[in-house]
Amino acid sequence: MKLRHTLRAAAVIASVLSASSAFAQQEIKITACSGQAPVFSFVRLITQSFIPTLNAELAKTNKIKITWNEAYGGTLAKIGGELEAIQQGVCDMGVVGIVFHPAKMPLQQVTFMAPFGPTDLRPVVKVMNEMNRNNPQMRGAWERQNQVFLAGTAVDDYGLFANFPVSRYEDMNGKKIGSSPAPLSWLKGTGATGVVSGLPSYYNDLKSGVYGGVLTFLSAAAPIKLFEVAPNYIQTGLGATFPGALSMNKQTWDKLGPEGQAAVRIASDTYAARYVAETQAALTAAEAAYKAGGGKISSLSQAERERWAKAIENPAKAWIAQNGQPARDVLKAYMDALRADGVKFARDWDKE
């Protein structure tokens, strides 16, 4: 009889503990958004890498459960509108195109202020992830937008894709070249005229003659078949850049608490590592596709790259004049960190 009562009491206690454990689990709803479609790896990997990694980390203690909603391709935030959507809590996290926000995120434009640097995106990702997380001025820029930086998305070496041959920068004299605003500063002094444009417009604008070439990167140029309208791909060595980042609304971040935040950091690092690996692998396929489509690939000599670098206006000067000492400090920290990794710039933009 005594044993029966003991077993019954143990069962009741176990039931109560189980119920308490289930009740203690925190459930959080998170919506991830992007104006871009999952065809781009930096969006697709939210689904394929970030979310499953975060879920697996949280499952180790089962204290937090996230219910996910994914809204990509402009269904919740348009291209360029992600920063405000995350800031206002319209969505909880997503990929912010910092290249669209030179006024709100001026210090995050630093990679565009130091062209002719690393053509490999890996050191750029490493340095910029570190700076956005730990540099007070860079981190503060995210805090002012009510966000927490998670991981960055660099792109491969910028090149010139043109319907005319180029073996030296003077070959662009009198030509119109399209690109997003920041890279167009790399043309000042070459004799070329920059035209503000973007990836969705490049093919049709080249075909219709709005401009004769574009500054962009191979991993984007090959999928949109620029080889059909700009058969000459010139590897200029303008460098890899850091145009976007994964970020999270600050209030959502706070809800996760220390344990959830640690899991998010692990998921962010995994996402960044896989993004870099996939982008590197995609470059080989993109080069093959460009050639197979009839494109011709050539490279400027190192001497020509240095001539181009010396010919243009220092893009950092106007940027520093507008943003003051913080911009000067960030540029120096960025270039010094890359130099420490063995990167050589064609020009010391930070010392002028």
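Our structure is the block above this text.
Here goes a summary of the coordinates provided. As the structure is a computational prediction, the values presented were derived from the model and not from experiment.

**A word on the pairing of strand E2 (residues 64-71)**
Then comes step 1: In terms of strand pairing, strand E1 (residues 26-33) meets E2 through eight bridges, oriented parallel. Pairing of alanine 32 across the sheet is with glutamate 70, part of E2.
Then comes step 2: At this point the chain moves from E1, through helix H2 (residues 41-59), to the parallel E2, and the crossover so formed is right-handed.

**Section: the nonpolar core**
Nonpolar side chains in soluble globular proteins tend to be buried together.
Then comes step 1: Of all hydrophobic cores here, the largest spans 95 residues; its most connected members are Phe50 and Tyr334.
Then comes step 2: Ignoring sequence-local partners within four residues, the contact set of phenylalanine 50 consists of Leu45, Trp68, Met93, Leu150, Leu246, Val264, Ala267, Ser268 and Tyr271.

**Overview of the packing of H2 against helix H9 (residues 250-292)**
Then comes step 1: One can describe the packing of H2 onto H9 by two numbers: an axis separation of 8 Å at closest approach and a directional angle of 145°. You can see that H2 and H9 cross each other, and the crossing is right-handed. Where H2 approaches H9, its residues Ser41, Phe42, Arg44, Leu45, Ile46, Gln48, Ser49, Phe50, Thr53, Leu54, Glu57 and Leu58 are matched on the opposing element by Gly260, Ala263, Val264, Ile266, Ala267, Ser268, Thr270, Tyr271, Arg274, Tyr275, Glu278 and Thr279.
Then comes step 2: Each residue belonging to the contact of H2 with H9 can be placed in one class, and the counts come to 12 nonpolar, eight polar and four charged.

**Considering the packing of aromatic side chains**
Then comes step 1: Going through the model one piece at a time under the given rule, you end up with 12 aromatic pairs.
Then comes step 2: Look at phenylalanine 112 and tyrosine 158: their rings are 6.4 Å apart centre to centre, the planes differ by 80°, and that puts the pair in the edge-to-face class. With phenylalanine 112 in the loop between strand E3 (93-96) and helix H4 (121-134) and tyrosine 158 in strand E4 (residues 147-162), this pair connects stretches of sequence that are 46 residues apart. The burial state of phenylalanine 112 is the same as that of tyrosine 158; both residues are buried.
Then comes step 3: For the pair phenylalanine 112 and tryptophan 186, a centre-to-centre distance of 6.2 Å together with 20° between the ring planes defines the contact as stacked. With a gap of 74 residues between them, phenylalanine 112 in the loop between E3 and H4 and tryptophan 186 in the loop between helix H6 (181-184) and strand E6 (193-196) connect regions that are remote in the sequence.
Then comes step 4: Under the relative-accessibility criterion, phenylalanine 112 is labelled buried at 1%.
Then comes step 5: Each residue in the set Phe112, Tyr158, Trp186 and Phe217 is aromatic and connected to the rest through ring pairs, giving one cluster.
Then comes step 6: Over the face of the ring belonging to phenylalanine 164 we find lysine 175, whose NZ or CZ atom lies 4.8 Å from the ring centre.

Rules used throughout
- Residues numbered from 1 in each chain as written.
- Predicted model: local features only at pLDDT ≥ 70, side-chain atom pairs only at ≥ 80, totals over all residues.
- Heavy atoms only, no water.
- Pairing = 2+ DSSP bridges.
- Helix = DSSP H or I, 4+ residues; strand = E, 2+ residues; numbered from the N terminus.
- Right-handed = clockwise from strand over helix to strand, strands pointing away.
- Core = buried A, V, L, I, M, F, W, Y, C linked by side-chain atoms within 4.5 Å.
- Buried < 20%, exposed > 50% of the residue type's maximum accessible area, 1.4 Å probe, protein only.
- Contact = heavy atoms within 4.5 Å.
- Axes fitted to C-alpha atoms, helices over the stretch in contact; angles between N-to-C directions.
- Left-handed = near helix turned anticlockwise from the far one by under 90°.
- Nonpolar A, V, L, I, M, F, W, Y, C, P; charged D, E, K, R; others polar.
- Phe/Tyr/Trp six-rings, centres within 6.5 Å; stacked < 30°, edge-to-face > 60°.
- Lys NZ or Arg CZ within 6 Å of the ring centre and 35° of its normal.

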